[in-house]
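Architecture at a glance
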Amino acid sequence: MTTRYIDAGVNLTSSQFDDARDDIVMRAKQAGVDNMLLIGTNTQDSMHCLQLARHYGFVCTSGIHPHDAKSTQADYIAQLKTLFLHPEVVAVGECGLDFNRNFSPRSEQISVLSQQLELAEQNNLPVYLHERDAFDAMRAQLEQVKVHGVLHCFTGDKHALDFYLHYGLMIGITGWVCDERRGAQLQQLVPLIPDDRLLIETDAPYLLPRTLKPKPKSRRNEPAFVEAIVREVARLRGQSCEHVAKISHANFQRLFITRRGTQ
Ligand SMILES: [Zn+2]
């Protein structure tokens, strides 16, 4: 039997996919990718994600990315609540803090994150969290609520990993781990993630796995390449690719699909 995959984070609305979205999805299905989580970054983009999720039979998030925190409309929480009425919308996000690029002022990032965490807590929805160089502020926000979900594209240190695991979050691993220089610290930490907390995501079209051979001329990442990340994670954990694909698949179902269905 061929290995079945999920991709726990795809930016399918990206304009980089405009010329090839059907092909990208077809190649993913041919590569064994059963489901993907399409990531919304603001209210309008989240509506686009919902359309794509319905069209292709996937699931999606609705939320405000920290980069977009500065341009929210006054009624964005009401707009998000409306989006959550649709069964395809399974998580709040992408929300979080990015103190690396600071495309929105930090104070606005924090207030927009805090409102989305409350929304998730009140409606018992998982969160899809982004944190870059902002661990202390993220911890302070998480400690004020009790939410479940995933810390996507984890790139932090052991201290951060310990906190996120202790808090109860799943850990999203991207092709960052396939970079022997930038991903060196992450390669050390990946074996410490329990089987029931690991999610594999491409973050396509970003973060093309450096271990991928041959590399596409476009340098554009896509969900069909999730297998390259699974292979590297399996190598680091001393597990088979089938096992890593299976646990990521099971965790995806438990976090985004089953729970949503039993509310
Ligand atoms: Zn992100």
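Since the structure is predicted, the reported quantities are computational estimates derived from the model, not experimental observations.

What counts, and at which threshold
Residues numbered from 1 in each chain as written. Predicted model: local features only at pLDDT ≥ 70, side-chain atom pairs only at ≥ 80, totals over all residues. Heavy atoms only, no water. Helix = DSSP H or I, 4+ residues; strand = E, 2+ residues; numbered from the N terminus. Salt bridge = Lys/Arg side-chain N within 4 Å of Asp/Glu carboxyl O. Buried < 20%, exposed > 50% of the residue type's maximum accessible area, 1.4 Å probe, protein only. UniProt positions renumbered as here; feature names shortened; annotations may be inferred. Contact = heavy atoms within 4.5 Å. Donors = N, O, S within 2.8 Å, 3.2 Å for Na, K, Ca; no water. Pairing = 2+ DSSP bridges. Right-handed = clockwise from strand over helix to strand, strands pointing away.

**A few points about the environment of Lys-213**
Within the element layout of this structure, Lys-213 appears in the loop between β8 (198-200) and α8 (226-237). Spatially, the C-alpha atoms of Lys-213 and Tyr-164 are 33 Å apart, while their sequence positions differ by 49 residues.

**Overview of the pattern of salt bridges**
Inspection of every chain in the model, using the stated rule, returns 14 salt bridges. The partner of Arg-210 in a salt bridge is Glu-180, with the nearest N and O atoms 3.6 Å apart. Note that Arg-210 is positioned in the loop between β8 and α8 and Glu-180 in the loop between β7 (170-173) and α7 (184-189), a separation of 30 residues in sequence. For Glu-232, the salt bridge goes to Arg-235, with nearest N and O atoms at 2.7 Å. Linking Glu-232 with Arg-235, this pair stays in helix α8, spanning 3 residues, or about one helical turn. Classification of Glu-232 as buried rests on a relative accessible area of 9%. Residues joined in a network through salt bridges with shared partners are Asp-179, Glu-180, Arg-182 and Arg-210.

**Some words on the UniProt feature "binding site: a divalent metal cation 1" (unreviewed entry) in the protein chain**
Per the UniProt record, "binding site: a divalent metal cation 1" (unreviewed entry) is annotated on Glu-94 and Asp-203. The greatest C-alpha distance among the residues just named is 11.4 Å, despite their covering 110 residues of sequence, which places them together in space. On the secondary structure map, Glu-94 appears in strand β4 (residues 89-98). Judged by its relative accessible area of 4%, Glu-94 falls in the buried class. Glu-94 has contacts with Ile-39, Gly-40, Thr-61, Gly-63, Ile-64, His-65, Pro-66, Tyr-128, His-130 and His-152, leaving out every residue within four places of it along the chain. Within the fold, Asp-203 resides in the loop between β8 and α8.

**Considerations on the UniProt feature "binding site: a divalent metal cation 2" (unreviewed entry) in the protein chain**
Under the feature "binding site: a divalent metal cation 2" (unreviewed entry), the UniProt entry names His-130 and His-152. On the basis of their most widely separated C-alpha atoms, the annotated residues across 23 residues gather in one place, lying no more than 5.7 Å apart. Structurally, the position occupied by His-130 is in strand β5 (residues 127-132). Judged by relative accessible area, His-130 falls into the buried class, the value being 6%. Mapped onto the elements of the fold, His-152 is located in the loop between β6 (149-151) and α6 (158-167). The class for His-152 is buried, based on a relative accessible area of 3%. With residues up to four places along the chain from it excluded, the contact list for His-152 reads Glu-94, Tyr-128, Leu-129, His-130, Gly-172, Glu-201 and Asp-203.

**A short note on α6**
Among the residues of α6, those classed as buried are Ala-160, Leu-161, Phe-163, Tyr-164, Leu-165 and Tyr-167. Taken together, the buried residues of α6 touch β5, α5 (135-142), β6, β7 and α7. Residue Gly-168 follows α6 closely and has a positive phi angle near 115°.

**A look at the side chain of Arg-21**
With respect to the helices and strands, the residue Arg-21 is situated in helix α1 (residues 21-30). Ignoring anything within four residues of it in the chain, the contact list for Arg-21 reads Leu-12, Thr-13, Ser-14, Leu-52 and Tyr-56.

**Looking at the coordination of the zinc ion**
Taken together, the protein donors to the zinc ion comprise Glu-94 (OE), His-130 (ND1) and His-152 (NE2), at separations of 1.8 to 2.1 Å. Going along the chain, you hit the donors of the zinc ion in the pattern E-x35-H-x21-H. Of the two residues, Glu-94 is situated in strand β4 and His-152 in the loop between β6 and α6; the sequence distance between them amounts to 58 residues. This pair shows no difference in class: Glu-94 is buried, exactly as His-152 is.

**Re the pairing of β4**
With respect to burial, β4 is a largely interior element, 10 of its 10 residues being buried. Relative to β4, strand β3 (residues 59-62) is paired through 3 bridges, and the arrangement is parallel. Note that in β4 the partner of Thr-61 across the bridge is Ala-91. Since β4 and β5 lie parallel, the crossover through helix α4 (residues 106-123) that links them has a hand, and here it is right-handed.

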